[in-house]
Structures are given as structure tokens and as C-alpha cells.
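# Chains, contacts and geometry: an overview
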Amino acid sequence: TGLNVPILLIVVGNSVRGTLGQWAFTALRYRPDGSENPEFVLNRPEFAGATILVAGPNFGSGSSREHAVWALEDAGFPVVIAPSFADIFRNNCFKVGLLPVELPQESVRALMDAVLDDPETEITVDLDALRVSATVVHESFEIDPYTRWRLLEGLDDVDLTLRHAAAIDAYERARPARLPSVPRP
């Protein structure tokens, strides 16, 4: 459950982990002279602290690198709700741990309108129940069981590999010394 910000764009691309949030939507958030664009929704005070991004169709198109997802995550958005996502962007969301929720266009529009009418509107995204709830929308969404488990456990690709650290160490210790290896710290 969180406050929300509607991004009234159809195709959105991000560029440029850790401090990448400041670069989310750079071309829209800032003017050519580097000053903030007060018209852009993320710069408006009523949307400060928003944690759920409500976006237009094919969100993430043109954002095929992980940096786009890292920027959204670092900007404080663990969830993006849209009618559709660019495939590579969607897959990168899952790898990083950000939840892309696909809902019907009418439901996304209703969420956007509700948040624009009242920026205090809360949207709840329940990954356990696979439901999005707000005053104007109550919708189910789909996600494959393995990806859902990973998100619920907070596991990215590195975390999954590290779950096998003991087996990896045992394998490395058993390797013949004549074979190439990576020096360990």
C-alpha cells in the first residue's frame, strides 16, 4: 500500500544502482539548463513520496538495460502498474525485484484518474493474493509461480546463486590445481 504517481505517457524510456533514482525520467524531469521542470509529475509536491507508478501502455519501451529498472527502484518505486510492458523491461523488473503489474487499460486509467483527482489515493498491490485494490479498482493480476516466489523472498539472480555457496566452494576446493581458477580474496 502506498501513495501513487500517474505517468501520463504512452512510451517511456529511462537511462543511466544505488543512486540512479535521480536519473529516472531525466529528459522529462529536468530542463536543458539542469533545473527541475515543475510541470513534470515527479517534481510536483503532491506526489512526493509516491511508491507506486501508474503508467501507460508499453511502459519501458526503449529501456532495455537494467539501468532503467534500477533508476525506478532507486527512486522508490517497487511497483509499476501499466496495461502492458516492453518485454525486456518486464523481464529486467523481475530480475531486479521490481513488480510490473499488468491490468486492463480501463483499470489503469481509473487508477490514474483517481490519483489525479486525489493524490492521497492509496493503491494496495498484494503479491500474495495477486490483487490490486483501490477505491475505484479491484483487479487480479497474473505472475508465474516461480517469479512470484522470488519476489516474495526478495531473491535476485545473485541471491539465488549464493544459496549454493557451500556447493560452489566444495566444487572449487575439489578442482585439480592444474586447472585455471579465479584468485580468491
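No experiment lies behind these values; they were computed from the predicted model shown.

Let us look at the pattern of salt bridges. Tallied over the full model, the rule gives five salt bridges. Between Glu-102 and Arg-90 there is a salt bridge; the shortest N-O distance is 3.4 Å. In this pair, Glu-102 is assigned in strand S4 (residues 99-102) and Arg-90 in helix H3 (residues 87-96), connecting sequence segments twelve residues apart. Classification of Glu-102 as partly exposed rests on a relative accessible area of 35%.

A few words on the confidence of the model for the protein. For the protein, per-residue confidence averages 84 on the pLDDT scale, and residues scoring 70 or more make up 84% of the total. Every residue in residues 9-16 is under pLDDT 50, and counting partners more than four places away or in other chains gives 28 contacts.

Below, the discussion takes up the pairing of strand S3 (residues 79-82). On S3, burial covers both faces: Val-79 and Ile-81 on one face and Val-80 and Ala-82 on the other are all buried. Bridge count between strand S2 (residues 52-54) and S3: three bridges; the pairing is parallel. By the bridge assignment, Val-54 is partnered in S3 with Ile-81. Where S3 and S4 come together, four bridges link them in parallel fashion. Of the residues in S4, the one forming a bridge with Ile-81 is Val-101. As a crossover connection, the stretch from S3 through H3 into S4 is right-handed.

About the cut-offs
- Residues numbered from 1 in each chain as written.
- Predicted model: local features only at pLDDT ≥ 70, side-chain atom pairs only at ≥ 80, totals over all residues.
- Heavy atoms only, no water.
- Salt bridge = Lys/Arg side-chain N within 4 Å of Asp/Glu carboxyl O.
- Helix = DSSP H or I, 4+ residues; strand = E, 2+ residues; numbered from the N terminus.
- Buried < 20%, exposed > 50% of the residue type's maximum accessible area, 1.4 Å probe, protein only.
- pLDDT = per-residue confidence, 0-100.
- Contact = heavy atoms within 4.5 Å.
- Pairing = 2+ DSSP bridges.
- Right-handed = clockwise from strand over helix to strand, strands pointing away.

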